[in-house]
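# Summary of structural features
Residue-level listing of the chains:
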Amino acid sequence: YSGTYASSNCVNGLITALTSANTNNLVSGVTFTYATSTTITSTILSAYDVLIMPGGSGGYYYLKYAGISGSAIKSFVANGGAYIGICAGAYAAAAHTDGYYDGWGIAPHVYCKAVAYEGTTTMTITSAGESVLNRAGTVTLAHYNGAAMYLASTGAVIFGTYADSNTGYKGYADIVGDYYGNGRTVLIGSHPELSPQYPDIIANLIVWATNTSTSST
C-alpha cells in the first residue's frame, strides 16, 4: 500500500529491500514480484499473495480511511492471503491497542501497547524466530513509534522481542506471526526496511506469511 497516510520512506524502503532480496538471492528459489497501490480493495488483492501495509501516520488512520477496505483485507487473509503490517500497519491489524482502539483483528491473539519513541532499538531473535529469519542473536533496528506487542491468548508466535528499554517495553514483542482463517499475518513494531536495512528479515517474513516452501537451509 502506497496511498494516503502511508510513509513514502517506508514504501521506498520496502521496494529497495525486495529488490535487494532478488538481486542477492536472499531466499533460495524465491523471487519477489511486487507493485504498489494507492487503494486496497478485494479486486486489487485478488491479484496478489501478500499485502504489506507500511508505516505511516498511524493505525487509526488506516482503519478509518475509505480508500482501504478493512473487510476486503479480512476476507483476503481469511481465504489464505498473507499480510505484513509494519508500525502503523501492525497497529491496524492487531486485535486491540490498549487505551485506544480495536484493529481489524487479523492478528487475533495480538494486543499492542502504544509507543512514543523515535530512534533505534535492539531486538533479540527468539528460538522460533531463528528458524524463520535464519538469524540469531540481537539486531539494531530503526523505530518510529511502532507497537510493543504481547499475546492476549495463545495461538501466535513471537519471532523477536525488544532487548532494551528505549521503547519503554523491554521484553515485549517486536515481531509476531499470527493466523487468521486460512491465512497468516506478521506484525512488526520496528522498521527493518529503513536504515539499518535488513532485506533478509523482510524476505523471510514474507516467505513465512505466504507459507512458501523454499530450498534455503
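Attention in this report is confined to the structure presented alongside it. (Residues numbered from 1 in each chain as written. Predicted model: local features only at pLDDT ≥ 70, side-chain atom pairs only at ≥ 80, totals over all residues. Heavy atoms only, no water.)

## Things to note about the overall build of the protein
Each helix and strand in the protein was counted, giving seven helices and 11 strands. Relative to the compact-globule value of 17 Å for 217 residues, the protein shows a C-alpha radius of gyration of 15 Å, a close match. Long-range contacts, defined as pairs at least 24 residues apart, comprise 68% of the intrachain contacts of the protein with a sequence gap of at least 6. Of the roughly 9,000 Å² of accessible surface on the protein, a fraction of 47% belongs to carbon and sulfur atoms. Where the 6 positive side-chain charges of the protein centre and where its 10 negative ones centre are 5 Å apart. (Helix = DSSP H or I, 4+ residues; strand = E, 2+ residues; numbered from the N terminus. Rg over C-alpha atoms; globule rule 2.2 N^0.38 Å. Contact = heavy atoms within 4.5 Å. Areas by Shrake-Rupley, 256 points an atom, 1.4 Å probe, with all protein chains shown as cover. Lys, Arg positive; Asp, Glu negative; His and termini not counted. Charge placed at Lys NZ, Arg CZ, Asp CG, Glu CD.)

## Observations regarding the side chain of His 96
Take His 96: it is sitting in strand β3 (residues 94-97). Separated by 3.3 Å, the side chain of His 96 and the backbone oxygen of Tyr 101 make a polar contact. With sequence-adjacent residues up to four places away left out, His 96 is seen in contact with Tyr 101, Asp 102, Gly 103, Val 110, Tyr 111 and Cys 112. (Polar contact = N/O pair within 3.5 Å; in protein donor to acceptor, adjacent residues only side chain to side chain.)

## Things to note about a nonpolar patch on the surface
Side chains of Tyr 5, Tyr 60 and Tyr 61 sit close together on the surface and give an oily, nonpolar patch of about 300 Å² of accessible area. Looking at the element boundaries, Tyr 61 is found in helix α3 (residues 59-64). Residue classification places Tyr 61 among the partly exposed positions, given a relative accessible area of 40%. (Patch = residues over 30% accessible without salt bridge, like charges linked within 9 Å, V, L, I, M, F, W, Y side chains within 5 Å. Salt bridge = Lys/Arg side-chain N within 4 Å of Asp/Glu carboxyl O. Buried < 20%, exposed > 50% of the residue type's maximum accessible area, 1.4 Å probe, protein only.)

## Looking at the nonpolar core
If you look at the biggest cluster of nonpolar residues, it comprises 36 residues, and the most contacted ones within it are Met 53, Tyr 62, Ile 73, Tyr 83, Trp 104 and Leu 187. For this core, the secondary structure elements donating two or more residues are β1 (50-53), α4 (70-78), α5 (88-93), β5 (107-113), β8 (148-151) and β10 (173-180). Looking at this core, the element that brings in the most residues is α5, giving five residues. Judged by nonpolar contacts, the second largest core, of 31 residues, contains Ile 86, Cys 87, Ala 203 and Ala 209. (Core = buried A, V, L, I, M, F, W, Y, C linked by side-chain atoms within 4.5 Å.)

## Quick notes on the layout of surface pockets
Of the pockets and cavities examined, the largest pocket occupies roughly 590 Å³. If you trace the largest pocket, you find 27 residues lining it, with Thr 33, Tyr 34, Ala 35, Val 50 and Ile 52 closest to the centre. Listing elements by their share of the lining of the largest pocket, those giving two or more residues are α1 (8-23), α2 (42-45), β1 and α7 (199-209). Per-element accounting of the lining of the largest pocket gives the leading share, four residues, to α1. (1 Å grid on protein atoms, 1.4 Å probe; cavity = no way out; pocket = protein on both sides within 12 Å on 5 of 7 lines; lining within 4 Å. Points joined across faces, edges and corners; volume = space filled by probe spheres on them.)

## Section: the packing of α1 against α7
Between α1 and α7, whose axes approach to 9 Å, the crossing angle comes to 85°. Classed by the angle they form, the pair α1 and α7 counts as roughly perpendicular. When α1 is examined against α7, the residues Leu 14, Ala 17, Leu 18, Ser 20 and Ala 21 are found in contact with a partner set consisting of Pro 199, Ile 202, Ala 203 and Ile 206. Tallied by class, residues from the contact of α1 with α7 come to eight nonpolar, one polar and no charged. (Axes fitted to C-alpha atoms, helices over the stretch in contact; angles between N-to-C directions. Parallel < 35°, antiparallel > 145°, perpendicular 65-115°, else oblique. Nonpolar A, V, L, I, M, F, W, Y, C, P; charged D, E, K, R; others polar.)

## Let's talk about the packing of aromatic side chains
What characterises a pair of aromatic rings is the spacing of the ring centres plus the angle enclosed by the ring planes. Scanning the model with the defined rule gives 11 aromatic pairs in all. Ring plane angle 55° and centroid distance 5.9 Å describe the contact between Tyr 111 and Tyr 150, whose orientation is recorded as tilted. With Tyr 111 in strand β5 and Tyr 150 in strand β8, the pair connects residues that are 39 residues apart, well separated along the chain. What makes Tyr 111 partly exposed here is its relative accessible area of 27%. Accessibility expressed as a relative area gives 26% for Tyr 150, which makes it partly exposed. Three or more aromatic residues joined by ring pairs form one cluster here, namely Tyr 5, Tyr 60, Tyr 61, Tyr 65 and Tyr 101. The ring of Trp 208 has Arg 184 lying over it, and the distance from NZ or CZ to the ring centre is 4.7 Å. (Phe/Tyr/Trp six-rings, centres within 6.5 Å; stacked < 30°, edge-to-face > 60°. Lys NZ or Arg CZ within 6 Å of the ring centre and 35° of its normal.)

## Quick notes on the pattern of salt bridges
Per the counting criterion, the structure on display carries two salt bridges. When the shortest N-O distance is used, the salt bridge between Asp 98 and Lys 113 registers 2.9 Å. Here Asp 98 is found in the loop between β3 and β4 (101-102), whereas its partner Lys 113 is found in strand β5, with 15 residues between them in sequence. Across the salt bridge formed by Asp 200 and Arg 135, the nearest N and O atoms sit 2.6 Å from each other. Of this pair, Asp 200 sits in helix α7 while Arg 135 sits in the loop between α6 (127-133) and β7 (138-144), and the two are 65 residues apart along the sequence. A relative accessible area of 28% means that Arg 135 is categorised as partly exposed.

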